[in-house]
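Working through the structure, step by step
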Amino acid sequence: MPTTQPAMIELAAVSKWYTPQFQVLKDCTTSVSKGEVVVVCGPSGSGKSTLIKCVNALEPFQAGTIRVDGVNLSDPGTNLPKLRSRIGMVFQHFELFPHLRITENLCLAQEKVLGRSRDEAMTKGMALLERVGLKDHALKYPGQLSGGQQQRVAIARALAMDPIAMLFDEPTSALDPEMITEVLDVMVELAREGMTMMVVTHEMGFARKVAHRVIFMDHGEIIEDRAKDEFFSSPRSDRAQLFLSKILSH
Amino acid sequence: MNYNWNWGIFWEMNPEGSGTYLTLLLMGLRWTLATAALAAIIALTFGAIVGVIRTLPARWAVLAGDAWVEFFRNIPLLVQLFLWYFVVPELLPKAAGLWLKTLPNSSFWTGAIGIGLFMSSRVAEQVKAGIRSLPRGQAMAGTALGLTTAQTYRYVILPMAFRIILPPLTSELLNTVKNTSVALTIGLMELTARTRAMQEYSFQVFEAFTAATLIYLALNASLTFLMRRLEKAVAVPGYVAGK
Ligand SMILES: Nc1ncnc2c1ncn2[C@@H]1O[C@H](COP(=O)(O)OP(=O)(O)O)[C@@H](O)[C@H]1O
Ligand SMILES: [Mg+2]
């Protein structure tokens, strides 16, 4: 079971304020073990994106500690670019670089951050493109691909860095319904291979299929943090029940 | 109006002994081109740096960038050229001031640098607007991949920002060319200055200024054409702005 593994991502009493009056994260504590898949859900504006961005230091936080693979993000000695390069991140709006071909999108950080040669980077990139079923599109530009294809490239781009964990922020919310499956399929495969994943999503089908745990957030607080089966069979809080009834009703 | 038209004037010798009147104008055009080219390079270099600085998270950097833009944008170009040419050398230590005043082609250097700095404030505005027009997620994606801030600007932000601002940059380039004529006030013998010289030597004011008008028009039309070609050459396949 993943829970016997050491923690890959550890959050302890993390609080964040955007302004002195507005606390977006309140005392958030949780952890993700190696090989574990954790789904984060909750109403819009509850702080899910902010939480996940804190994990690879894309957003600063004012209190608490976050450790990734044992490294404390707030430690002044921590090399943040290096740490971020080891954590893959997938965004709602893909964020491929529009002026670069798919191959160049895949190679850029491998070369500039990891110092790989163009050949090494290309070999890696092409293997991952094949894996997400897009080898034939290697020389295209992002704008020439559908949303689902772009998101699969974005996943491949993150995987090209050999990440120790992957963060997803609503990876399918910007997609037309017919493209959601192709992206979820890639994610399911990744989960089954043992990738450590923290996934913000409302796709409860995905959660049921591969998640080990589900975190429910509301108003910046972690309200529930439970094993998947427990969460779906008997959510404790009224807020989680209400939320589930809303998103499962359609 | 009693005016003796003489379109053949361009092939007559000018009294400076430098050849025909046409040669006189073309010598002016050379200074116009040289001044515009150096000013454009300065404007683009400083405009890019200051524009980027104004989008950084550091507050002091933004303030410094804003100050640069406000200084060079709010003082008339003519006054700025006078400042650099007549006032600054007096404020410097005696030796340095003397060196500046006796520098060969000092009106060219002062004109090109002055116009370049003036235009850099406008380029900085465009660069900042271009960067701001990109989705915030782009920089975040670069950062998340482990790129440093400098790398993110270099490989992710600026290539797109510059593509987006190419059309307004074209206007600024044309403005740079036109503004070189202001440098005649500090003694630069560029196209407009030579045109006035021709008028004074020959009294053929209409021919002289018709020629100058056509030369400026042709120059800026060519630049516009080249910039359009550049826009096409760097256009990103499949990219729809604002998507
Ligand atoms: N950069 C920001 N500055 C100020 N407030 C923000 C910023 N980003 C997000 N917020 C606010 O923080 C809250 C949580 O946002 P977010 O983490 O995006 O929620 P979620 O992803 O759960 O929808 C929202 O109320 C949002 O408006
Ligand atoms: Mg969100």
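Residues numbered from 1 in each chain as written. Chains lettered and ligands numbered in written order. Predicted model: local features only at pLDDT ≥ 70, side-chain atom pairs only at ≥ 80, totals over all residues. Heavy atoms only, no water.

Description of the site of ligand 1
All names here are of chain A. Surveying the vicinity of ligand 1 reveals the residues Y18, F22, V24, P43, S44, G45, S46, G47, K48, S49 and T50. In this structure, S46 approaches ligand 1 through a main-chain N or O atom, which is 3.2 Å from an oxygen atom. The separation between an oxygen atom of ligand 1 and a polar side-chain atom of S49 is 2.7 Å. At the level of secondary structure, the elements contributing two or more residues to the shell around ligand 1 comprise β2 (22–33) and α1 (48–55). The element contributing the most residues to the shell around ligand 1 is α1, with three residues. A class-by-class count of the residues in the shell around ligand 1 yields four nonpolar, six polar and one charged. (Near = heavy atom within 4 Å. Polar contact = N/O pair within 3.5 Å; in protein donor to acceptor, adjacent residues only side chain to side chain. Helix = DSSP H or I, 4+ residues; strand = E, 2+ residues; numbered from the N terminus. Nonpolar A, V, L, I, M, F, W, Y, C, P; charged D, E, K, R; others polar.)

Considering the pattern of salt bridges
Scanning all chains against the criterion turns up 22 salt bridges over all chains. Of the charged contacts in the structure, one is a salt bridge between R136 of chain B and E59 of chain A, with a shortest N-O distance of 4.0 Å. A residue pair is termed interchain when its members come from two chains, as with R136 of chain B in helix α6 (residues 136–144) and E59 of chain A in the loop between α1 and β4 (63–68). Among the residues examined, R136 of chain B registers a relative accessible area of 62% and is labelled exposed. We note a salt bridge from E230 of chain A to R226 of chain A, for which the minimum N-O separation is 3.2 Å. (Salt bridge = Lys/Arg side-chain N within 4 Å of Asp/Glu carboxyl O. Buried < 20%, exposed > 50% of the residue type's maximum accessible area, 1.4 Å probe, protein only.)

Details of the interface of chain B and chain A
Contact with chain B, which involves 23 residues of that partner, is made by 24 residues of chain A. A buried area of about 2,000 Å², summed over both sides, lies between chain B and chain A, and 69% of it is on carbon and sulfur atoms. Counting across the chain B and chain A interface gives one salt bridge. For the interface between chain B and chain A, the tally reads five residue pairs in polar contact (both at pLDDT 80 or more). Where the side of chain B that touches chain A is concerned, the elements lending two or more residues are α6 and α7 (149–164) of chain B. Among the residues making up the side of chain B that touches chain A, the classes are represented as 13 nonpolar, eight polar and two charged. (Contact = heavy atoms within 4.5 Å. Buried area = accessible area lost by both parts, 1.4 Å probe.)

As for the packing of helix α2 (residues 59–74) of chain B against helix α5 (residues 106–133) of chain B
Residue and element names in this part refer to chain B. Between α2 and α5, the least distance of the axes is 8 Å, while the angle of their chain directions is 125°. For the element pair α2 / α5, the angle class is oblique. Regarding α2 and α5, the two cross each other, and that crossing is left-handed. In contact with W68, V69, F72 and R73 of α2, α5 contributes L117, F118, S120, S121, A124 and E125. Considering only residue class, the contact of α2 with α5 consists of six nonpolar, two polar and two charged. (Axes fitted to C-alpha atoms, helices over the stretch in contact; angles between N-to-C directions. Parallel < 35°, antiparallel > 145°, perpendicular 65-115°, else oblique. Left-handed = near helix turned anticlockwise from the far one by under 90°.)

A short note on the side chain of T32 of chain B
Position of T32 of chain B relative to the elements: it lies in helix α1 (residues 21–53). Other than its neighbours up to four places away in sequence, T32 of chain B contacts T180, E190, L191 and Y216 of chain B.

Note that every value here comes from positions in space, so none of it alone points to a role or purpose.
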